[in-house]
Amino acid sequence: MKKIVAGSPETRSTDIVADNLARLKTLFPEAFTGGKVNFDVLRQLLGDAVDAREEKYGLTWYGKRRARQIALTPSTGTLRPCPEDSVDWDTTQNLMIEGDNLEVLKLMQKSYAGKIKLIYIDPPYNTGKDFVYTDDYRDNIKNYLTLTGQIVRDDRGGGLSSNRETSGRFHTNWLNMMYPRLKLARNLLCDSGLIAISIDDNEVDNLRKILSDIFGSDNFITTIIWQKKFSPSNDAKWLSSNHDYIILVAQSKRKWKPNLLNRSSVANARYKNPDADARGPWMSGGLDVKTYNAKYDYEIKTPSGRIVKPPAGTCWRISKERFQELIKDNRIWFGKSGNNVPRIKRFLGEVKDGITPMTIWTHEEVGHNQEATQEIKKLGVLGFDSPKPVRLLKRLVHIATNKNDIILDFFAGSGTIGHSVMLQNLMHGGHRRFIIVQLPEQIDATIPNQRNAAEFCDEIGQPHNIAELTKERLRRAGTKIKDENPEYTGDLGFRVFKLDTSNIRAWDPRPDDLEGTLLASVDHIEPGRSEQDILYELLLKLGLDLCVPIEARKIAGKTVQSVSAGTLITCLDETIARDDVEPLAIGIADWQETLDPAGETTVVFRDSAFVDDVAKTNLAAILEQRGLSNVRSL
């Protein structure tokens, strides 16, 4: 029985460097010498694809190399389940994770790599007022707990602070925060996935460049302009900024395709039938194009006898022969007088089921800032500045996802994306899931613009942080949807998890008390951690979904849990005596046979539970005789 200890692969998130090396070795085994990469050989194998020039096109800044290294460093943390904060814990497939999104993204790598269809984020815009979270490559979990006030600050200093232009590293600080998070996010997208990022003029250029660096410039889709305001700001210093951007980048541009927008009554109203055509309403389109071809440059005689030619420098889009075919089919319109320039008829019954999305989204179509603020106020939630309207994110969810896809937002803020997914499922069917991540940024009641938020947290009996507001918005949104649609049976819940240090205690001897630390390390599970805490860390580190089905039953008086139909079986009871060994092992083996999992089963016990090594050895031997050889203890 192999023991899981601090430092084991099961206690860390995905080692991205090791995975990259394994892939590289599979492709180019001859480029490895003594287990190391021989770059001279690799350059030869890649030929002209290697850019060896000293000066290269691209964006660089102080800290980029370290930002890339931070993204590659595995996390030793975990996500602790919080059923008491959740809604419909036993049935929901949605997740709300409270924690630093860098560490959370690392922890998601094993369970959700290649599974996310849409990532939407609304990160800090770097206006000079936004906070910048400084990552610490030495111990980012402790850094996070310190900066969010969950443990007492040590001598490292720092904190959550505004990124002022006078700091000297205004853009650098923002880039160092964004780069590793986007690097990790890319791994989570499926092949046909899309990332959509809201931004304004402050960092739109830099964001485009780092997205090209991470995703490849060929995968850029477009930049959407969203009209966030409908009236000018008279206090604007220069011009009133009434729009934001949403940058769309695909994991693979060849594999991503947007869903069409539903045709509106306004769009359909453009189709008329002035000539009572039996094929129904139609709308006319021009026949000339700017890509000149002499073959398509010919004269047309209108029914009134007028001779018309395409405008100078253009030609008709169809040949003369094809034009005559369309005349016979009554698909050419010369106007009621028969004297106009010809146009082609396009019938409503023959157009696509929807409309191709355009790159300018008006406030009439998708809402505006004031609408978003009112949406939250109507739910009775206070404390969010500049939230996004539900209609805006519903459109993104509509064009980028299908009915069973997963949507991720790791700068969740007010939780609008979760609300939007609920409404999209309600209105158009499906079982889309959301995963949202929010830093528990502290709310300071002494700061005037945070006072209302602090008072609201007191009103609902929750700590003063933004994540509590996010959770409450989701709770109230789900309740409102259910109240207005009592027959609806879709998923309106969410499971809450909180980022914390690993449940498995690392060996940390104190020279002044070696005997005490030796005794304390007998059970190397952190004090105060529950069986559920340990179970969900195993799910994360073994690459299982945090909403995977879990079944529990009593075997030999012990609680045994089966995860994902027997992929993982755990018994985390604190005592296993010699008399328990045989009935417990046989019961687990019998149950595993009935579950018949698709792959190998991993069986995990608490190491300190065994009364002695004999009991542990005998249990492992019985399980191995029954075909269960992957038995671990922690």
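Residues numbered from 1 in each chain as written. Predicted model: local features only at pLDDT ≥ 70, side-chain atom pairs only at ≥ 80, totals over all residues. Heavy atoms only, no water.

1. Digging into the nonpolar core
Counting residues in hydrophobic clusters, the biggest one holds 71 residues, and the most contacted among them are Leu182 and Leu408. The leading source of residues in this core is helix H7 (residues 170-188), at nine residues. Discounting chain neighbours no more than four positions away, the residues touching Leu182 are Ile121, Ile195, Ile197, Leu207, Ile210, Leu211, Ile214 and Phe215. With 37 residues, the next largest nonpolar core counts Ile224, Trp361, Ala467 and Phe494 among its residues. (Core = buried A, V, L, I, M, F, W, Y, C linked by side-chain atoms within 4.5 Å. Buried < 20%, exposed > 50% of the residue type's maximum accessible area, 1.4 Å probe, protein only. Helix = DSSP H or I, 4+ residues; strand = E, 2+ residues; numbered from the N terminus. Contact = heavy atoms within 4.5 Å.)

2. Digging into the packing of helix H3 (residues 64-72) against H7
Each pair of packed helices can be described by the angle between their axes along with the distance between the axes. Packing of H3 against H7 leaves a shortest axis separation of 8 Å and a crossing angle of 40°. Judged by the inter-axis angle, H3 sits oblique to H7. The way H3 lies across H7 gives a crossing that is right-handed. Taken together, the residues of H7 that come into contact with H3 (itself represented by Lys64, Ala67, Arg68, Ile70 and Ala71) are Asn176, Tyr179, Pro180, Lys183 and Leu184. Across the contact of H3 with H7, the residue classes tally to six nonpolar, one polar and three charged. (Axes fitted to C-alpha atoms, helices over the stretch in contact; angles between N-to-C directions. Parallel < 35°, antiparallel > 145°, perpendicular 65-115°, else oblique. Left-handed = near helix turned anticlockwise from the far one by under 90°. Nonpolar A, V, L, I, M, F, W, Y, C, P; charged D, E, K, R; others polar.)

3. Section: the sheet that holds strand S19 (residues 343-347)
One open sheet accounts for three strands, arranged S13-S19-S18; its pairing is antiparallel. The sheet terminates laterally at strand S13 (282-286) and strand S18 (332-333), the two strands that pair on one side only. In this sheet, S19 lies alongside S13 in antiparallel orientation, the contact comprising five bridges. The partner of Gly286 across the bridge, within S19, is Arg343. (Pairing = 2+ DSSP bridges.)

4. Here's the deal with the confidence of the model for the protein
Considering every residue of the protein, the mean pLDDT works out to 87; 88% of them sit at 70 or more. Ignoring residues within four places in sequence, the model shows residues 155-159, a span with pLDDT below 50, making nine contacts including any to other chains. (pLDDT = per-residue confidence, 0-100.)

5. Some remarks on the packing of H7 against helix H8 (residues 204-215)
At a closest axis distance of 10 Å, the pairing of H7 and H8 adopts a crossing angle of 35°. In the packing of H7 onto H8, the handedness of the crossing is right-handed. Contact with H7, carried on its side by His171, Trp174, Leu175, Met178, Tyr179, Leu182, Lys183 and Arg186, involves Asn206, Leu207, Ile210, Leu211, Asp213, Ile214 and Phe215 of H8 and no other residues of that element. Here the contact of H7 with H8 is built from residues that sort into ten nonpolar, two polar and three charged.

6. A few points about the packing of aromatic side chains
Applying the stated criterion across every chain yields a total of nine aromatic pairs. Look at Trp89 and Phe497: their rings are 5.5 Å apart centre to centre, the planes differ by 40°, and that puts the pair in the tilted class. With Trp89 in the loop between strand S4 (77-81) and strand S5 (95-98) and Phe497 in strand S24 (residues 495-501), this pair connects stretches of sequence that are 408 residues apart. Given a relative accessible area of 11%, Trp89 falls into the buried group. Classification of Phe497 by relative accessible area gives buried; the value is 0%. On the basis of an interplanar angle of 45° and a centroid distance of 5.6 Å, the ring pair of Phe410 and Phe411 is categorised as tilted. Among the residues examined, Phe410 registers a relative accessible area of 1% and is labelled buried. (Phe/Tyr/Trp six-rings, centres within 6.5 Å; stacked < 30°, edge-to-face > 60°.)

7. So, the side chain of Asp533
Here Asp533 is to be found in helix H18 (residues 531-542). Excluding anything up to four places from it in sequence, Asp533 contacts Arg80, Pro81, Asn503 and Gly528.

8. What to know about the environment of Gly415
Following the sequence through the fold, Gly415 ends up in the loop between strand S22 (406-409) and helix H14 (416-428). Overall, the relative accessible area of 0% leaves Gly415 in the buried class. Those residues within four positions of Gly415 in sequence are excluded, and the remaining contacts are Ile436, Thr470, Arg473 and Leu474.

9. A look at helix H6 (residues 140-147)
Most of H6 is tucked away: seven of the eight residues are buried. Residues of H6 that are buried: Asn140, Ile141, Asn143, Tyr144, Leu145, Thr146 and Leu147. Where H6 is buried, its residues touch S4, S5, helix H4 (101-107) and S24.

10. Considerations on the pattern of salt bridges
Under the criterion given, the structure shown has 35 salt bridges. We note a salt bridge from Lys471 to Glu98, for which the minimum N-O separation is 3.0 Å. Taken together, the residues Lys471 in helix H16 (residues 466-484) and Glu98 in strand S5 connect sequence positions 373 residues apart. Taking the relative accessible area as the measure of exposure, Glu98 reaches 5% and is therefore buried. In this structure, the salt-bridge partner of Lys345 is Asp277, at a minimum N-O distance of 2.8 Å. Separated by 68 residues along the polypeptide, Lys345 in strand S19 and Asp277 in the loop between helix H9 (265-269) and S13 bring together distant segments of the chain. Asp277 shares its class with Lys345; the two are buried. Counted as one network, the salt bridges with shared partners bring together Asp275, Asp277, Arg279, Asp329, Arg331, Lys345 and Glu350. (Salt bridge = Lys/Arg side-chain N within 4 Å of Asp/Glu carboxyl O.)

11. Comments concerning the pairing of S22
Side chains Ile406 and Leu408 of S22 all project onto a buried face; the interleaved residues Ile407 and Asp409 project onto the opposite face, where all are buried too. As defined by bridge partners, strand S6 (residues 116-121) adjoins S22 across two bridges and the pair is classed as parallel. Directly across from Leu118, in S22, lies its bridge partner Ile407. The pairing of S22 with strand S23 (residues 433-438) spans four bridges and is parallel. Along S23, the bridge assignment pairs Ile407 with Phe434. Handedness of the β-α-β unit built from S22, H14 and S23 comes out right-handed. (Right-handed = clockwise from strand over helix to strand, strands pointing away.)

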